[in-house]
Amino acid sequence: AEDSTINSGEPLDNKSTSTAEQTARNERNAGNCFLSVVHRLAASKSVSARVSACSLGPVLWNHLDFPRQLQLRGVITRALHDVDVGVRKATAAVVHEISEMLFDRRAVPWTVLMVERSMTDPEPQLRAAAMTLTWHLAEHLPNAFLGDASKGSLSIRRLPPRTDPTFMDVYLLQCKLLPVASNLAEDRIASVRLSVAAQCDRLCTALGEHWFSVIIDLLQALLSDRDDRVRSEAILCMPRLVESVISGASEDKSVSVLESLLPQALKMQKDASVLVRSSLATATGELLVFLVGLGGAGGSLSPPPSPGHGGVNIDEIGSYKYYKKHVDQTLIPLLQKLLQDTNPDVTSASLRAVTNASRSGARDRSGIPSCSHKPDVDDDLVSLASHQSHTSIDRTKPVFIPVLSEEQVLRLLPTLSNLATSTQWRVRQSAVEIVPALLGCTYRLETRNEISKLCINLMSDKVDTVRKTAAECFCLGGSSLARHGEDDGGEWITKIVVPHLRICSQSEDSKQRLLSLKMIDIIITNGLCPSKVSDPASSPSSFSSTEESPLRMLLDIASSRASDNVANVRLNVGRVLGSVLFLLDRSDVDYVVSVLEKQL
């Protein structure tokens with residue numbers, strides 16, 4: 001009988017199963033024995049001890065049975081009411097961590113209560129932190145009903161559909177969280193309202209589509225706040241909120257967010273605060289990039305499709321009819337007005353916005369980065385020379401993805417031409433720095449010729465820095481053309497750059513002759529010089545070996561200054577030819593060596 005019992009295996013299986021369950025239960029409740037330590041620390045008169053008691057909360061949370069978890073919640077609740085503000089701040093951080101561990105719906109009402117307590121704290125910094133707690137908890141609320149504790153915060157889920165039985169539970173809890181944000185937006189302290197303005201987009205994403213209208217109204221109120229810092233932060237949040245709404249809402253609501261916020265943004269162009277107007281320029285550029293990107297990655301908005309037999313489908317023409325209208329009729333004119341602002345900080349911010357809009361593509365819709373250097377570095381923090389040094393190796397890869405259309409670029413040129421005549425040299429320099437980005441949005445030689453006049457006019461500026469920047473942008477513009485081909489860049493160099501370079505080299509002004517040598521150095525060093533002159537009417541075989549190549553043209557221009565009557569010009573001829581020597585072919589090297597020997 002004993003043998004048969006052993007052979008059947010049932011008693012052993014039952015025993016092993018019960019052992020496994022007991023082990024799992026012990027692991028889940030492993031923190032029970034540490035709870036007494038938490039109580040002793042929480043009852044201490046030492047501030048550090050009370051902070052330590054709260055800090056143990058996230059560590060023990062998932063390792064306590066429910067009765068002891070209730071005791072831990074009591075410790076945290078008392079700490080959030082502590083007389084010492086340092087303890088309360090540490091407790092708010094603990095509640096933030098615990099909100100990621102909410103996989104038991106019984107703990108959710110308590111967490112919401114902690115958020116409401118933070119909202120009424122006398123310390124403004126804690127009230128500002130309550131906004132972060134609000135959207136963070138809203139983001140993790142579905143986990144309490146649907147999540148898997150073994151995956152941690154990776155199991156974040158969206159709000160369940162209305163047909164789901166848990167929808168009403170989550171919805172009612174959201175009804176308690178939204179008034180927290182509304183009350184914080186009306187706080188008497190500006191830093192608290194600023195926290196709300198900076199995080200409206202996060203709250204919008206966390207709560208879901210049915211709360212979009214309420215959050216849009218909330219941001220509208222913050223856009224007219226009495227504090228300029230709050231208004232500035234609110235306008236910077238506007239592009240992110242628009243993106244959240246358009247990405248997660250139906251067509252009618254995605255259009256209404258623009259109709260609601262853009263009129264308010266237009267009023268802010270006359271705001272008395274320079275900070276607000278600068279932020280408006282930045283936000284306009286970001287919104288411009290996003291709306292244009294809706295029409296297709298890396299290009300302008302595509303034309304609307306033809307209507308079907310059943311009438312025009314709003315889903316098919318929405319991104320063209322509505323978004324392009326706002327780009328052409330609102331955003332471009334707004335940037336033009338901000339470019340003419342009397343304050344140089346606003347003008348510079350507007351120029352950066354146009355530059356970044358011209359360089360960027362459709363975010364999250366294209367695998368091609370906006371530029372080939374480090375993506376986490378802002379374009380305007382990297383000099384054009386270092387930018388091109390990363391792109392000269394492989395010029396067939398696009399550096400700038402055109403966003404503005406060619407017509408929109410032409411509309412901006414008169415405004416930029418006015419900036420090029422500003423009395424402040426930094427504004428003139430900023431006006432010409434945008435040239436490579438604008439060229440990336442063009443396809444016609446006529447348009448590029450108009451853009452080049454910005455550089456040509458400023459290459460004779462009285463400030464040396466402006467002249468050098470204009471020459472640098474003039475030469476480097478060929479690498480950012482829209483088609484990104486060798487013939488395309490070669491056309492810019494041979495038909496626009498080289499003719500003006502000859503004029504500079506023959507100028508009576510020694511500064512212009514020095515500038516021509518610098519231009520030659522930039523073109524050759526960055527690999528912008530085409531191998532030969534492209535002529536579509538001729539066959540490849542028609543290019544004879546005796547015909548002078550564009551590279552040899554540049555070397556001839558440089559060598560013609562070897563006998564200049566100004567010593568500094570002669571000195572720079574040797575410097576330029578010596579710096580490009582290692583980039584030349586054998587025949588060109590021999591030519592350069594002969595020029596240098598004559599200088600000796």
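Just so you know, these numbers come straight off a predicted model, no measurement behind them.

Undergrad: So what's going on with the overall build of the protein? Which residues, and what values?
TA: Each helix and strand in the protein was counted, giving 31 helices and 0 strands. When burial is assessed residue by residue, the protein has 49% of its 600 residues classed as buried. Across the protein, every contact between residues at least 6 apart in sequence was considered, and the portion connecting residues at least 24 apart equals 70%.

Undergrad: Talk me through the packing of aromatic side chains; I want residue IDs and the actual numbers.
TA: For any pair of aromatic rings, the description rests on two quantities: the centre-to-centre distance and the angle between the ring planes. Tallied over the full model, the rule gives 4 aromatic pairs. Ring geometry for Phe-474 versus Trp-492: centroids 5.8 Å apart, planes at 65°, classification edge-to-face. One end of the pair, Phe-474, is in helix H26 (residues 464-476); the other, Trp-492, is in helix H27 (residues 486-505), and 18 residues separate them in sequence. Its guanidinium or amino end placed over the ring of Trp-135, Arg-202 lies 4.0 Å from that ring's centre, counting from NZ or CZ. In this arrangement the basic side chain of Arg-552 is found over the ring face of Tyr-591, its NZ or CZ atom lying 4.6 Å from the centre.

Undergrad: Residue-level account of the side chain of Gln-429, with values.
TA: Topologically, Gln-429 is positioned in helix H23 (residues 425-433). Judged by its relative accessible area of 14%, Gln-429 falls in the buried class. When sequence neighbours within four positions are dropped, the list of residues in contact with Gln-429 reads Thr-465, Val-466 and Thr-469.

Undergrad: Can you lay out the pattern of salt bridges for me, pointing to particular residues and giving the numbers?
TA: Tallied over the full model, the rule gives 20 salt bridges. In this structure, the salt-bridge partner of Arg-105 is Asp-169, at a minimum N-O distance of 3.7 Å. One end of the pair, Arg-105, is in the loop between helix H7 (85-98) and helix H8 (108-119); the other, Asp-169, is in helix H11 (residues 167-185), with 64 residues separating them in the sequence. For Arg-105, a relative accessible area of 41% translates into the label partly exposed. The closest approach of N and O atoms between Asp-590 and Arg-586, which form a salt bridge, is 3.7 Å. In this pair, Asp-590 and Arg-586 are both assigned in helix H31 (residues 586-599), 4 residues apart and thus about one turn of the helix distant. Salt bridges linked by common partners bring Arg-88, Arg-117 and Asp-121 together as one network.

Undergrad: Which residues make up helix H15 (residues 228-248), and what are the values?
TA: Along its 21 residues, H15 runs 30 Å from first to last C-alpha, staying within 8% of the 30 Å computed at 1.5 Å per residue. Structurally, the start of H15 carries an N-cap: the backbone nitrogen of Arg-229 is 2.9 Å from a side-chain oxygen of Asp-227.

Undergrad: Lay out the confidence of the model for the protein with the relevant residues and their values.
TA: Here the protein averages 77 in pLDDT, while 74% of its residues score no lower than 70. Ranking the elements of the protein by mean pLDDT puts helix H21 (residues 384-391) last with 35 and helix H12 (residues 190-198) first with 95. For residues 361-401, every residue scores under 50 in pLDDT, and the model assigns this stretch 84 contacts once sequence neighbours within four places are set aside. Scored below 50 in pLDDT, residues 482-486 shows 18 contacts in the model against residues more than four places distant or in partner chains.

Undergrad: Any chance you could break down the side chain of Arg-467 for me, citing the residues and the numbers?
TA: Within the secondary structure, Arg-467 sits in helix H26. Residue Arg-467 is classed as buried on the basis of its relative accessible area of 7%. Within the local environment of Arg-467, its side chain forms a polar contact with the backbone oxygen of Asp-461, the two atoms lying 2.8 Å apart. Residues contacting Arg-467, with those up to four places away along its chain left out, are Leu-458, Met-459, Ser-460, Asp-461, Lys-462, Lys-511, Gln-512 and Leu-515.

Undergrad: Summarise the packing of helix H28 (residues 510-525) against helix H30 (residues 567-580); cite the residues concerned and give the values.
TA: Two numbers describe how H28 lies on H30: the axes approach to 10 Å, and their chain directions differ by 0°. As summarised for this structure, H28 and H30 are arranged roughly parallel, according to the angle between their axes. Facing Ser-510, Arg-513, Leu-514, Leu-517, Ile-520, Asp-521, Ile-524 and Thr-525 of H28, the residues of H30 in contact are Asn-568, Val-569, Asn-572, Val-573, Val-576, Ser-579 and Val-580. Per-class residue counts for the contact of H28 with H30 are 8 nonpolar, 5 polar and 2 charged.

Undergrad: An account of the packing of H28 against helix H29 (residues 550-559) is needed here, citing residue identities and associated values.
TA: Viewed as axis vectors pointing N to C, H28 and H29 meet at an angle of 150°, and their least axial separation amounts to 10 Å. With respect to their mutual orientation, H28 and H29 come out roughly antiparallel. Crossing hand, H28 versus H29: left-handed. Between H28, through Leu-517, Ile-520, Ile-523 and Ile-524, and H29, the contact on the second element is made entirely by Leu-551, Leu-554, Leu-555, Ile-557 and Ala-558. Within the contact of H28 with H29, the residues separate by chemical class into 9 nonpolar, no polar and no charged.

Quick notes on the rules
Residues numbered from 1 in each chain as written. Predicted model: local features only at pLDDT ≥ 70, side-chain atom pairs only at ≥ 80, totals over all residues. Heavy atoms only, no water. Helix = DSSP H or I, 4+ residues; strand = E, 2+ residues; numbered from the N terminus. Buried < 20%, exposed > 50% of the residue type's maximum accessible area, 1.4 Å probe, protein only. Contact = heavy atoms within 4.5 Å. Phe/Tyr/Trp six-rings, centres within 6.5 Å; stacked < 30°, edge-to-face > 60°. Lys NZ or Arg CZ within 6 Å of the ring centre and 35° of its normal. Salt bridge = Lys/Arg side-chain N within 4 Å of Asp/Glu carboxyl O. Expected span 1.5 Å × (residues − 1). Polar contact = N/O pair within 3.5 Å; in protein donor to acceptor, adjacent residues only side chain to side chain. pLDDT = per-residue confidence, 0-100. Axes fitted to C-alpha atoms, helices over the stretch in contact; angles between N-to-C directions. Parallel < 35°, antiparallel > 145°, perpendicular 65-115°, else oblique. Nonpolar A, V, L, I, M, F, W, Y, C, P; charged D, E, K, R; others polar. Left-handed = near helix turned anticlockwise from the far one by under 90°.

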